[in-house]
Amino acid sequence: MRIKNSAIIFIACLFSLTACKSLTPTSENDKRLTPAGKASEPKIPPGKVSEEASSIQLQLARNQGKAEEDALFYLLNNSNGSEMMAGPYQIAFLVEKPKGYYEYAAGQLKWKEPSGTAFISIVVRDAYDGRTIPQLDVKVNIINEFSKSVAKKTLPFGWFPLLNRYGDNFQIDRDGNYMLMIEIARPTFARRDATNGNRYTHLVKADFERLRFSKDDLQEPTREENKQYWLPLAKAQGKAFKLALENMIYSTALDGLAVQNGDYLVAYATEYAKGHWELQNGKLEYSSRFGKSAEVNSHLGVVLMDALTGRFLPGAEITASVSSPKGPVGTYQPGFVWHPWVFHYGENIRVPGSKVYTVKVNANPPPYRRYGKDIGKIMANPVDFTFQNVKIKTGQN
């Protein structure tokens, strides 16, 4: 069930009169009172038509966010949890019974039985378009009614049947009132789009106050593990993402293709070299050097999805080897790139000219957990696919 906002406000004010009197933060890390607790000052990130994104393409991003929001609301309505805006994010938490998962180790998937007394997961979504944000450093700290920390962890990212998110099992021994403190570090991944990529610039905090924890109230394993309920919602997320990917491949990329490779869908897209936002001396700055220098003259993008639902798979270690009829051109490890409407792995590269190339894509199985004993035993094999006749054109923008 969702936590009642009015009750949280009342209890928060009852225990902290000063928090109710002063709602204006004095620094980036100060927090405002919200219906669910306290959080970094909300700030909706940009979502403007730009050289990288048309109004139609921005809508494609919002469609992805809406599909993920539908899945989140389903989970919130079937578990103990709530959501609030903090900084540029919508942050939600869910408390469920402990969960088991598959873990990839020593070349195979091994099942880990549930442990602890509760499973706590965090969903972090962009406050403009609603898409869940991968590859974040998400820390949680559970504080009891005596202001003592009873558990703290950095939550690992996981593949879930219904909605991918950050989560882990916790040992909470006593029923009672708790506060869930969440801290999200500034991400290090590149952001495309000179207009819209200036986002996620600071540490963000969110405190969900007066969480009532009771082992008896936790839901049994949710319908998330029943295909009848989760598969349509998961496939809706995959469909929204694939529509955006198709728009990139057929409307803006110079060349591209998506194919199935075992448990995966693999795609590539080639573009002219691109600039992006990156951290420089501790500050997020836009650098056009990556798109306008003699070092590079094209951009290679790779997308990895699970074939079961079509959802984007972050956190993979991708290797892309480019060759021409004359021999190898280069081997690259494209990293995750935030894009205004298609998340992908990308890198600016240099090729000897506008020609047809061969691109071989390899990746080990995703390193994160797969939840659901009956349905999580997937993606045990590596990605290995060779794209022939890939058109790469040189240029910069």
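Residues numbered from 1 in each chain as written. Predicted model: local features only at pLDDT ≥ 70, side-chain atom pairs only at ≥ 80, totals over all residues. Heavy atoms only, no water.

Caption draft 1: Spotlight on the overall build of the chain. Per the secondary structure count, the chain includes 4 helices and 26 strands. Residue pairs at least 24 apart in sequence account for 73% of intrachain contacts in the chain once pairs closer than 6 positions are excluded. When the accessible surface of the chain is split by element, carbon and sulfur atoms take 49% of a total near 17,400 Å². (Helix = DSSP H or I, 4+ residues; strand = E, 2+ residues; numbered from the N terminus. Contact = heavy atoms within 4.5 Å. Areas by Shrake-Rupley, 256 points an atom, 1.4 Å probe, with all protein chains shown as cover.)

Caption draft 2: Representation of the packing of aromatic side chains in the model. On inspection of all chains with the given rule, the structure shows 20 aromatic pairs. A network of ring pairs unites the aromatic residues Y89, F189, Y200, F241, F312, F336, F343 and Y345 as a single cluster. The ring of F170 is capped by K153, whose NZ or CZ atom sits 4.7 Å from the centre of that ring. The lysine or arginine in question, R165, covers the ring of F160, its NZ or CZ lying 4.0 Å from the ring centre. (Phe/Tyr/Trp six-rings, centres within 6.5 Å; stacked < 30°, edge-to-face > 60°. Lys NZ or Arg CZ within 6 Å of the ring centre and 35° of its normal.)

Caption draft 3: Region of the structure containing unusual backbone geometry. The phi dihedral of D193 is positive, around 85 degrees, even though this residue is not glycine. Along the chain, D193 turns up in the loop between β13 (190–191) and β14 (204–213). What makes D193 buried here is its relative accessible area of 1%. Positive phi outside glycine occurs at N389, with the angle close to 55 degrees. Within the secondary structure, N389 is located in strand β26 (residues 383–392). (Buried < 20%, exposed > 50% of the residue type's maximum accessible area, 1.4 Å probe, protein only.)

Caption draft 4: Spatial organisation of the pairing of β14. In terms of burial, β14 is largely enclosed, as 7 of its 10 residues are buried. Sheet topology places strand β2 (residues 37–40) next to β14; 3 bridges connect them, and they run antiparallel. From the neighbouring strand, K38 faces β14, where its bridge partner is D207. Pairing between strand β12 (residues 176–184) and β14: 8 bridges, direction antiparallel. Its bridge partner lying in β14, I184 is registered against V204. (Pairing = 2+ DSSP bridges.)

Caption draft 5: Expanded view of the environment of F157. For F157, the location among the structural elements is in strand β10 (residues 157–159). Each C-alpha atom, one on F157 and one on P314, is 9.3 Å from the other, the two residues being 157 residues apart in sequence. Contact partners of F157, with chain neighbours within four places excluded, come to N164, R165, Y166, P314, Y368 and R369.

Caption draft 6: Fine view of the pairing of strand β7 (residues 118–126). Within β7, 9 of the 9 residues are buried, which leaves it mostly tucked inside the rest of the structure. With burial as the criterion, each face of β7 is covered, one bearing A118, I120, I122, V124 and D126 and the other bearing F119, S121, V123 and R125. Across 8 bridges, the pairing between strand β4 (residues 89–96) and β7 is antiparallel. Looking across to β7, one finds that Y89 is bridged to D126. Across 5 bridges, the pairing between β7 and strand β11 (residues 165–170) is antiparallel. Residue pairing across strands places A118 opposite F170, the latter belonging to β11.

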